[in-house]
Amino acid sequence: GERDFYKRLSQLDGLTEVYNRRSFEELLTAEMSRSNRFRRPLSVLMIDLDQLKVVNDSFGHQAGDTVLRQVAWSLKRSVRNCDIVARYGGDEFVIILVETGKADAVTTAQRLNRLITKPTAKSNAQVNDSVQPMTISIGVASYPTDATETEGLVRRADEALYEAKASGGNCVRSAQPRRTPIGE
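Quantities reported herein were computed from a predicted structural model and do not represent experimental measurements. (Residues numbered from 1 in each chain as written. Predicted model: local features only at pLDDT ≥ 70, side-chain atom pairs only at ≥ 80, totals over all residues. Heavy atoms only, no water.)

(A) Fine view of the pattern of salt bridges. Scanning all chains against the criterion turns up 10 salt bridges. Of the charged contacts, one joins arginine 80 and aspartate 83 as a salt bridge, the two residues approaching to 2.6 Å between their closest N and O atoms. For arginine 80, a relative accessible area of 41% gives the class partly exposed. Here glutamate 159 ties to arginine 156 by a salt bridge, and the two come within 3.3 Å at their closest N and O atoms. Taken together, the residues span about one helical turn, with glutamate 159 and arginine 156 both in helix α6 (residues 150–166) at a distance of 3 residues. Glutamate 159 gets classed as partly exposed once you look at its relative accessible area, which sits at 40%. Arginine 156 sits in the buried class, given a relative accessible area of 6%. Residues joined by salt bridges that share partners form a network here, namely Asp48, Asp50 and Lys165. (Salt bridge = Lys/Arg side-chain N within 4 Å of Asp/Glu carboxyl O. Buried < 20%, exposed > 50% of the residue type's maximum accessible area, 1.4 Å probe, protein only. Helix = DSSP H or I, 4+ residues; strand = E, 2+ residues; numbered from the N terminus.)

Given below as structure tokens:
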């Protein structure tokens, strides 16, 4: 009914119609406790649109908004129904890959990276006659190998994303094994 409609609306990002950040945080908490209970892995992909600022600056925010919508749609279409796609902030998306360990998560991330970069990808900003190809950087972190609680997991994925950006973008990096034992 109407209440369900508004509840769903409050969980979605208005522009891209994927989950918003608050919903992502709630869903991650739920998925983490499920993974913990059933001793199953779980991975998080932090995704950054490398050229969104360029698009906004050169072509305006409407073009940028179109790109965000297209990328959100491509990401959602390219993962399983059980996976959770959310908009994390300005030009960042995040995906929860349910029951997915590190190796499979990296494979998925590489597939998404290639998919967005394809010349025919809908996500390329087409403005008048100029095309601004889009690329994405992705950071991958997995439970329980990289972190055992939600904040840590997001932070590790974010650090990996930072590495990807620092390497020039358009690539996938995964959280590095800790050098100090957990608990120190």
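(B) Spotlight on unusual backbone geometry. Of note, the bond from tyrosine 143 into proline 144 is cis; its omega dihedral lies within 30 degrees of zero at 0°. Within the fold, proline 144 resides in the loop between β6 (136–143) and α6. Positive phi values are uncommon outside glycine, yet glutamate 99 reaches one of about 50°. Structurally, glutamate 99 can be placed in the loop between β3 (92–98) and α5 (102–117). Positive phi outside glycine occurs at asparagine 170, with the angle close to 50°.

(C) The packing of aromatic side chains, seen in detail. Under the counting rule described, the total for this entry stands at 1 aromatic pair. Between phenylalanine 24 and tyrosine 88 the ring centres are 5.8 Å apart and the planes differ by 85°, which places this aromatic pair in the edge-to-face class. Of the two residues, phenylalanine 24 is situated in helix α2 (residues 21–38) and tyrosine 88 in strand β2 (residues 84–89); the sequence distance between them amounts to 64 residues. Directly above the aromatic system of tyrosine 88 lies the positively charged group of arginine 21, at a separation of 3.8 Å from the ring centroid. (Phe/Tyr/Trp six-rings, centres within 6.5 Å; stacked < 30°, edge-to-face > 60°. Lys NZ or Arg CZ within 6 Å of the ring centre and 35° of its normal.)

(D) Region of the structure containing the sheet that holds β6. Pairing is mixed in the open sheet, where 5 strands are placed in the order β2-β3-β1-β6-β7. At either margin of the open sheet sits one strand with a lone partner, and together these are β2 and β7 (172–174). Between one strand and the next, the sheet's axes are offset by a mean angle of 20°, whatever the strand orientation. Pairing of β6 with β7, which is carried by 3 bridges, proceeds in the parallel orientation. The partner of valine 140 across the bridge, within β7, is serine 174. (Pairing = 2+ DSSP bridges. Axes fitted to C-alpha atoms, helices over the stretch in contact; angles between N-to-C directions.)

(E) The arrangement of the side chain of threonine 108 in detail. Mapped onto the elements, threonine 108 comes out in helix α5. In contact with threonine 108, other than residues within four places in its own chain, are Val79 and Leu97. (Contact = heavy atoms within 4.5 Å.)

(F) Broad picture of the pairing of β3. Counting buried residues along β3, 7 of its 7 residues qualify, which places the element largely inside the surrounding structure. Side-chain alternation along β3 places Glu92, Val94, Ile96 and Val98 on one buried face and Phe93, Ile95 and Leu97 on a second face that is also buried. Examined bridge by bridge, strand β1 (residues 42–49) and β3 share 7 bridges and lie antiparallel to one another. Bridged to aspartate 48 within β3 is glutamate 92. Examined bridge by bridge, β2 and β3 share 5 bridges and lie antiparallel to one another. Looking across to β3, one finds that isoleucine 84 is bridged to isoleucine 96.

(G) Inspection of the side chain of asparagine 113 at higher detail. Looking at the secondary structure, you find asparagine 113 in helix α5. Dropping the residues within four chain positions of it, asparagine 113 is found in contact with Ile136, Ile138, Asn170, Cys171 and Val172.

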